[in-house]
Amino acid sequence: MHRQKILSRSLIVVAFALLAAPWAGAQQYRIAHADYGWRDHRVDVTQRLRELARHDARFRMGNSTFGIDPAPGHVKTLRIFAKGPGGRDRVFEYREGQVVDGAVFSGWGRGDWGDRSDQDRGDRDNGFDQMRGDRDHGGSYMILRALYGTRRRNVDVTDRLRELARHNLTFRMGNSTFGIDPAPGRVKELRIFARGPHGQTRVFSYREGSVVDGGMFSGWGHGDWGRGGWHGGWDSGRPR
């Protein structure tokens, strides 16, 4: 009888260990950064993910989660770049509409991850350069001009955007952001006209209420952009 009790207790301990092991291992990945989109049309959502993590252990993600659709008409993915035990790198990829479970990552609820200085140092030391290709490509666009409104009624908000960029990496924009409503009663857009690393132009379009992520643009925080170079109008270029 005594031996049976010992055996039963041993089995319980072993079973608990087997159940706990995957859980413990799952929490050993620390987030470096995250992006959302399709192919090379992606935005950095690290800050937004940090905000979500402080309130939800699990959530179903999509355009409404991040307040932006970087690639209309395409099924997008969330990519979370993380570092595991021993400095191993791993990319967790979630298809639009899937549930993200924060239990996989260490420090999830505290949001004390994704620090830029740690990220940059870690990328160099642990070989994230290749995985960051699309993200770096997106961050090389130089802003030329910004317009806010509708096709028929819009205003130049380049100077105001420059002021915002000096203080915020990301922000949710609307009439109050720019201090004007150029088209009352209509849903407006912010259109940012930019030039890429090879001289190509691109239009970034954000629907009213969306989150603008400065990580897409070079020199964002310095505000040393938007001082000419764009002579087109609202419909110039193709919004992305």
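Calculation criteria
Residues numbered from 1 in each chain as written. Predicted model: local features only at pLDDT ≥ 70, side-chain atom pairs only at ≥ 80, totals over all residues. Heavy atoms only, no water. Pairing = 2+ DSSP bridges. Helix = DSSP H or I, 4+ residues; strand = E, 2+ residues; numbered from the N terminus. Axes fitted to C-alpha atoms, helices over the stretch in contact; angles between N-to-C directions. Contact = heavy atoms within 4.5 Å. Phe/Tyr/Trp six-rings, centres within 6.5 Å; stacked < 30°, edge-to-face > 60°. Lys NZ or Arg CZ within 6 Å of the ring centre and 35° of its normal. Buried < 20%, exposed > 50% of the residue type's maximum accessible area, 1.4 Å probe, protein only. Arc of directions from axis to C-beta. pLDDT = per-residue confidence, 0-100. Core = buried A, V, L, I, M, F, W, Y, C linked by side-chain atoms within 4.5 Å.

Focus on the sheet that holds strand β2 (residues 41-44)
Then step 1. Taken together, four strands build an open sheet; the order of strands is β2-β1-β4-β5 and the sheet is antiparallel. Here the strands that pair on one side only, and so sit at the sheet edges, are β2 and β5 (89-95). Taking each pair of neighbouring strands and ignoring which way they run, the sheet shows an average axis angle of 25 degrees.
Then step 2. Direction of pairing for strand β4 (residues 77-83) relative to β5: antiparallel, over a ladder of seven bridges. By the bridge assignment, Ala82 is partnered in β5 with Arg90.
Then step 3. Contacting β1 (30-38), β2 and β4, helix α2 (residues 46-53) runs over the sheet at an angle of about 115 degrees to β1.

Notes on the packing of aromatic side chains
Then step 1. What the rule picks out here adds up to 12 aromatic pairs.
Then step 2. An aromatic cluster is defined as three or more aromatic residues linked by ring pairs; in this entry it consists of Tyr29, Phe59, Phe92, Phe105, Trp108 and Trp113.
Then step 3. The ring of Trp225 has Arg162 lying over it, and the distance from NZ or CZ to the ring centre is 5.6 Å.
Then step 4. Lying across the ring of Tyr141, Arg202 places its NZ or CZ 5.4 Å from the centre.

Re the sheet that holds strand β10 (residues 189-195)
Then step 1. Strand order in the open sheet formed by four strands is β8-β7-β10-β11, and the pairing between neighbours is antiparallel. Each edge of the open sheet is held by one strand with a lone partner, namely β8 (154-156) and β11 (201-207). With strand direction ignored, the average angle separating the axes of adjacent strands in the sheet is 25 degrees.
Then step 2. As paired strands, strand β7 (residues 142-149) and β8 are joined by three bridges and run antiparallel to one another. Along β8, the bridge assignment pairs Leu147 with Asp156.
Then step 3. Contacting β7, β8 and β10, helix α6 (residues 158-165) crosses the sheet at an angle of about 115 degrees to β7.

Focus on α6
Then step 1. Looking at α6, one finds that the buried residues are Thr158, Leu161, Arg162, Leu164 and Ala165. Down the axis of α6, the buried side of the element spans an arc of 160 degrees, and every buried residue falls inside it.
Then step 2. Its buried side turned inward, α6 meets β7, β8, β9 (170-172), α7 (175-178) and β10.

Concerning the confidence of the model for the protein
Then step 1. Within the protein, residue pLDDT values average 78, and 77% of them lie at 70 or more.
Then step 2. Note on residues 12-27: pLDDT is under 50 here. Beyond four places in sequence and across chains, it has eight contacts.

Describing α2
Then step 1. Those residues of α2 lying buried are Thr46, Leu49, Arg50, Leu52 and Ala53. Along the axis of α2, the buried residues cluster in a sector spanning 160 degrees; they form a single face.
Then step 2. Residues of α2 that are buried sit in contact with β1, β2, β3 (58-60), α3 (63-66) and β4.

Some words on the pairing of β2
The side chains of a regular strand alternate, residue by residue, between the two faces of the sheet.
Then step 1. Going residue by residue along β2, you find His41 and Val43 tucked away on one face and Arg42 and Asp44 tucked away on the opposite face as well.
Then step 2. Sheet analysis places β1 next to β2, joined by four bridges and oriented antiparallel. Bridge pairing in β2 links Trp38 to His41.
Then step 3. Connecting β1 to the next strand, β2, in antiparallel fashion are two residues, including Arg39 with a positive phi near 50 degrees.

Description of the nonpolar core
Then step 1. Judged by nonpolar contacts, the single largest core of 43 residues is most densely connected at Leu78, Ile80, Leu190, Ile192 and Phe217.
Then step 2. When near neighbours in sequence (up to four residues on either side) are disregarded, Leu78 contacts Ala34, Asp35, Tyr36, Arg42, Val45, Met61, Phe66, Phe92, Glu93, Tyr94 and Val100.
Then step 3. Listed in part, the six residues of the second largest apolar core include Leu144, Val203, Trp230 and Trp234.

Some words on the environment of Val157
Then step 1. Inspection of the secondary structure puts Val157 in the loop between β8 and α6.
Then step 2. With a relative accessible area of 5%, Val157 lands in the buried category.
Then step 3. For the pair Val157 and Ile180, spaced 23 residues apart in sequence, the C-alpha separation works out to 9.7 Å.
Then step 4. When neighbours within four sequence positions are excluded, Val157 is seen to be in contact with Ala146, Leu147, Tyr148, Phe178 and Leu190.

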